[in-house]
Amino acid sequence: MTTALITGITGQDGSYLAELLEHRGYTVHGTVRRHQQVTPTRHLCDLTDTASVDKVVDEVRPDEIYHLGAQTHVGESFKSPIATFDATGAATLRLLEAVRRIAPQARFYQAATSELFGISPAPQSESTPFHPRSPYGVAKLAAYWAVVNYREAYGLHASNGILFNHESPRRGAGFVTRKISLAVAAIKRGDADTVTLGNLDARRDWGFAPEYVDGMHRILQHAPGDYILATGTSYSVRDFAEHAFAAADLDWADHVRTAEAQQRPADVPDLVGDSSRARDELGWVPTIHTPELARIMVTADMAA
Ligand code: GDD
């Protein structure tokens, strides 16, 4: 039986990935933070503490590690850049060190991100230069290169999945898609009338999270390397709002307000991924695009 360790198992991606791996016959372990419940397969682990990271790798002795745990809010990273660097950048190095010393046969997946590209022009592929635009992006860039370095220096089976935005009804309420779908549901119920957003012009390549965790698994079954997962389509935040409100028979323009306070000191204007390599080498093809995604999220929030 294959044993997997998922850091960040309680997050959107961690929860979908755990379900997928269990369905495929894996024994799945995960790390949780202090306030969460510990069980034989849920280990207390502080990714900013080396001894704690070593302990979980030693206890689980995983065949595959999916490192998804991090401070993942880009806007927040401007408010706590150093804590973000520790939890998002240095933590990856801690885990790689533990793998190198304790479980060097383990396959290692790093949750890299399209935020690495920042202001590099779209469409972005694996050969597009990186130019991150936030402390989060900078930390993820360090983590990306740590993975490449440990692969080259020590021969670890370590890969980066450079995932473009991927969403679902399990997405945290602080991200723009879920903020919008929750607002649509509240407005439809009569509990709110407006939602206040920041930059409506930002363009993202939004896919459906369950399809992306399948991509993560495919990456680890292949020779180690770095892969983009993206739909190849681009929509603005305004477009997403339009689709989400339309799914509830509402007009976004009647309910969306903007405020300077929601803007970031530096933003990423336009992300569209070219995932040809993943399609050709892994057979990974996403099927759900932004209009359907918005409908799925709004429908789930209206039903809740
Ligand atoms: N969160 C948020 N809230 N974003 C807003 C808002 C708002 O009220 N209004 C406009 N935006 C804009 C942001 O400025 C950004 O340009 C875009 O909407 C998307 O923001 P998020 O949904 O917060 O996601 P993100 O693209 O910054 O980051 C997410 O995707 C990355 C992959 O590209 C996160 O999941 C990252 O962890 C992930 O790496």
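Coordinates for the structure precede this section.
1. A word on the site of the ligand
Looking at the ligand, there are 23 residues lining it, with Ser 114, Tyr 136, Asn 165, Arg 264 and Asp 267 nearest. Within the side chain of Asn 165, a nitrogen or oxygen atom sits 2.7 Å from an oxygen atom of the ligand. Interatomic distance of 2.7 Å between a side-chain N/O atom of Asp 267 and an oxygen atom of the ligand. With the chains in place, 94% of the 720 Å² that the ligand exposes on its own is no longer accessible. Only α6 (176–189) and β8 (195–197) provide two or more residues apiece to the shell around the ligand. Here the residues of the shell around the ligand are counted per class, giving eight nonpolar, nine polar and six charged. In terms of domain composition, the shell around the ligand takes at least three residues from each of domain 1 (3–166 + 208–229) and domain 2 (172–204 + 234–270 + 288–303).

2. Quick word on the pairing of strand β11 (residues 226–229)
Where burial is concerned, the two faces of β11 agree: the one with Asp 226 and Ile 228 and the one with Tyr 227 and Leu 229 are both buried. Pairing geometry for strand β6 (residues 157–163) and β11, over four bridges, is parallel. Residue pairing in the sheet places Asn 160 in a bridge with Asp 226 of β11.

3. A short note on the sheet that holds strand β5 (residues 107–113)
Overall, parallel pairing links the seven strands, which are arranged β3-β2-β1-β4-β5-β6-β11 in an open sheet. A single partner strand is all that each edge strand has here, and the edge strands are β3 (42–44) and β11. Taking the axes of each pair of neighbouring strands and ignoring which way they run, one obtains an average angle of 20° across the sheet. Bridge count between strand β1 (residues 3–7) and strand β2 (residues 27–32): four bridges; the pairing is parallel. Its bridge partner being in β2, Ala 4 is matched across the sheet by Val 28. Along the sheet, helix α1 (residues 12–23) makes contact with β1, β2, β3 and β4 (64–67), crossing β1 at roughly 175°.

4. Remarks on the side chain of Ser 134
Position of Ser 134 relative to the elements: it lies in the loop between β5 and α5 (135–154). For Ser 134, a relative accessible area of 4% translates into the label buried. Among residues more than four places away in sequence, those in contact with Ser 134 are Val 74, Ser 77, Phe 78 and Glu 115.

5. A word on the side chain of Asp 226
Mapped onto the secondary structure, Asp 226 falls in strand β11. One polar contact links Asp 226 to Arg 151, side chain to side chain, over a distance of 3.0 Å. For Asp 226, the residues in contact, after removing those within four places along its chain, are Glu 126, Tyr 144, Val 148, Arg 151, Ser 159, Asn 160 and Arg 277.

6. Structural notes on the pattern of salt bridges
Tallied over the entire structure, the rule returns 18 salt bridges. The partner of Lys 55 in a salt bridge is Glu 59, and the shortest N-O contact between them spans 3.1 Å. On the criterion of helical spacing, the pair formed by Lys 55 and Glu 59 is a turn pair, its members being four residues apart in helix α2 (residues 50–60). Residue classification places Lys 55 among the exposed positions, given a relative accessible area of 53%. In this structure Glu 59 comes out as partly exposed when scored by relative accessible area, which is 46%. Across the salt bridge formed by Arg 61 and Asp 58, the nearest N and O atoms sit 2.4 Å from each other. Note on Arg 61: relative accessible area 46%, which makes it partly exposed. Through salt bridges with shared partners, a single network forms among Asp 54, Glu 97, Arg 100 and Arg 101.

Definitions and cut-offs
Each chain has its residues counted from 1, following the order in which its sequence is written. Predicted model: local features are reported for residues with pLDDT of at least 70 only, side-chain atom pairs are reported and counted for 80 or more only, and whole-chain, interface and lining totals are derived from all residues. Heavy atoms throughout the structure, all of them, feed into the side-chain values; hydrogens and water do not. What makes a residue near a molecule or strand is one non-hydrogen atom of that residue sitting within 4 Å of it. Any N or O atom pair separated by 3.5 Å or less is treated as a polar contact, with the protein-specific requirement of one donor-capable and one acceptor-capable atom, and with residues adjacent in sequence counted only for side-chain atom pairs. Working definition of accessibility: Shrake-Rupley area with a 1.4 Å probe, residue cover restricted to the visible protein chains. Each helix is a run of DSSP H or I of at least 4 residues and each strand a run of E of at least 2, with the numbering of both proceeding from the N terminus. Under the grouping applied here, Gly and all other residues not named as nonpolar or charged are polar, the nonpolar ones being Ala, Val, Leu, Ile, Met, Phe, Trp, Tyr, Cys and Pro and the charged ones Asp, Glu, Lys and Arg. Just so you know, the domain bounds were taken from an automatic or database domain assignment. Each residue is placed in one exposure class: buried if its accessible area under a 1.4 Å probe, protein chains only, is under 20% of its type's maximum, exposed if it is over 50%, and partly exposed if it falls in between. Note on pairing: two strands pair once DSSP finds at least 2 bridges between them. Helix axes use the C-alpha atoms of the stretch in contact, all axes being lines fitted to C-alpha atoms, and the angles between their N-to-C directions lie in the range 0 to 180 degrees. Whether two residues touch is decided by their heavy atoms; if any such pair falls within 4.5 Å, the residues are in contact. Here, a salt bridge means any side-chain nitrogen of Lys or Arg that lies within 4 Å of a carboxyl oxygen of Asp or Glu.

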